[in-house]
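Coordinates in review
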Amino acid sequence: MGGLTDDEAFRKTTFVVIDFEATTPTGSPAQPVEVAVLALRYDGEWRETGRGTSLIRPPAFAPVTPAFTAQTGLTAAELEAAPTPAEALGALDRRFTAGTSYLLVAQHAATEANLIYHQRQHCPALARINLLDTIPLAKRCVPGLINYRLDTLLAYFGIAQPVDRHRAPADVAVTAQLFRRLIAVAHDNGEVDSLAGLVKIAGRAAQGNAPVQEELFEIAPQEAE
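Note that this is a predicted model, so its numbers are computed, not measured.

Criteria and cut-off values
- Residues numbered from 1 in each chain as written.
- Predicted model: local features only at pLDDT ≥ 70, side-chain atom pairs only at ≥ 80, totals over all residues.
- Heavy atoms only, no water.
- Buried < 20%, exposed > 50% of the residue type's maximum accessible area, 1.4 Å probe, protein only.
- Helix = DSSP H or I, 4+ residues; strand = E, 2+ residues; numbered from the N terminus.
- Arc of directions from axis to C-beta.
- Contact = heavy atoms within 4.5 Å.
- Pairing = 2+ DSSP bridges.
- pLDDT = per-residue confidence, 0-100.
- UniProt positions renumbered as here; feature names shortened; annotations may be inferred.
- Salt bridge = Lys/Arg side-chain N within 4 Å of Asp/Glu carboxyl O.
- Core = buried A, V, L, I, M, F, W, Y, C linked by side-chain atoms within 4.5 Å.
- Phe/Tyr/Trp six-rings, centres within 6.5 Å; stacked < 30°, edge-to-face > 60°.

A few words now on helix α9 (residues 195–202). Leu-195, Leu-198 and Ala-202 are the residues of α9 that are buried. Relative to the axis of α9, the buried residues are bounded by an arc of 55° and lie together on one face. Opposite the buried face of α9, by more than 90 degrees, sit the exposed residues Ala-196 and Lys-200.

What follows covers helix α4 (residues 85–93). Among the residues of α4, Pro-85, Ala-88, Leu-89, Gly-90, Leu-92 and Asp-93 are the ones counted as buried. Contacts made by the buried residues of α4 are with β1 (13–23), β2 (31–42) and β3 (46–55).

Here the focus is the sheet that holds strand β6 (residues 203–204). Pairing within the open sheet is mixed, and its 6 strands lie in the order β3-β2-β1-β4-β5-β6. Strands at the two margins of the open sheet, each flanked by one partner only, are β3 and β6. Here β1 pairs with β2 via 9 bridges, running antiparallel. Bridge pairing in β2 places Ile-18 opposite Val-37.

Before going further, it helps to spend a moment on the confidence of the model for the protein. Averaged over every residue, the pLDDT of the protein is 92; residues scoring 70 or more account for 92%. Taken together, the stretch residues 213–225 has pLDDT below 50 and engages in 2 contacts with residues farther than four places along the chain or on a different chain.

This part is about the pairing of β1. Taking burial as the measure, the 11 residues of β1 include 10 buried ones, the bulk of the element. Of the pairings in the sheet, the one linking β1 to strand β4 (residues 101–106) comprises 5 bridges and is parallel in character. Across the sheet, residue Thr-13 finds its bridge partner in β4, namely Ser-101.

Now for the UniProt feature "domain: Exonuclease" (unreviewed entry) in the protein. Within this numbering scheme, the UniProt entry marks residues 14–188 as carrying the feature "domain: Exonuclease" (unreviewed entry). For residues 14–188, the helix share is 39%, the strand share is 23%, and the end-to-end C-alpha distance is 21 Å.

Before going further, it helps to examine the pattern of salt bridges. According to the stated counting rule, one finds 9 salt bridges in the structure shown. For Arg-167, the salt bridge is made with Glu-34, and the minimal N-O distance between the two is 2.7 Å. On the criterion of sequence distance, the pair formed by Arg-167 in the loop between α7 (150–157) and α8 (168–189) and Glu-34 in strand β2 is long-range, its members being 133 residues apart. A relative accessible area of 22% means that Arg-167 is categorised as partly exposed. In this structure Glu-34 comes out as buried when scored by relative accessible area, which is 2%. Through salt bridges with shared partners, one network takes in Asp-43, Glu-45 and Arg-47.

Within the secondary structure, Arg-180 is located in helix α8. Overall, the relative accessible area of 38% leaves Arg-180 in the partly exposed class. Taking the C-alpha atoms as reference, Arg-180 lies 16 Å from His-108; in sequence the two are 72 residues apart. The residues touching Arg-180, leaving out its near neighbours within four places in the chain, are Leu-40 and Trp-46.

So, on to the nonpolar core. Within the largest apolar cluster, 36 residues are counted, with the highest numbers of intra-cluster contacts made by Phe-10, Phe-15, Trp-46, Leu-132, Ile-183 and Leu-198. Going through the elements one at a time, β1, β2, β4, α6 (134–141), α7, α8 and α9 are the ones with two or more residues in this core. Take this core: its biggest share by element is 9 residues, from α8. With 23 residues, the next largest nonpolar core counts Val-37, Phe-96, Leu-126 and Ile-129 among its residues.

What follows concerns the packing of aromatic side chains. In total, this model carries 9 aromatic pairs according to the counting rule given. Between Phe-96 and Tyr-102, the ring centres sit 5.0 Å apart and the planes meet at 80°, which makes this aromatic pair edge-to-face. A single burial state applies to Phe-96 and to Tyr-102, both of which are buried.

Below, the structure written as structure tokens:
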């Protein structure tokens, strides 16, 4: 019987590793200020099929704080000149091709899922793509670690810490390396032998796919940005 990476559905899927940096205003959802993606396909070996990154201008109610700048290096001045969420996320959304099977991949995918959901008017296609979370996958593949934070998993697998850790492009790059290592372990140990099995362990449904009883509400038309 073949392993995970021999599964036809696995090989037909494009795995899009995604990461956001965000401000966290009191009383409001987190607001994205940077996004990065890295797309991977497996056909006997891993191939990168695309990547992208953009800064995103935060709204006035979610200002960049000194603590945020200290962690990421991003300043209020450079983000003030960044594309709006509609521009940045709209451009990302248009890169997803109809008829292609996608799964998003993220470390602690709930964070990315929530950010995407709250920005869904700008990225409706992205908001309907289901996710894989590297944390439950890592718990299955390498049980017994002290925790399953990204830095802990990078150290376990000997993946070098990027110089610009806590920037979306750097975090996407190392999360992609981590995902590939975890898939190799899952394939080799034989516990996961199909994409369906992988989704059962690490899958998270996109909030944009949740049913909405629209008949109970009057939906106002969206104004042009």
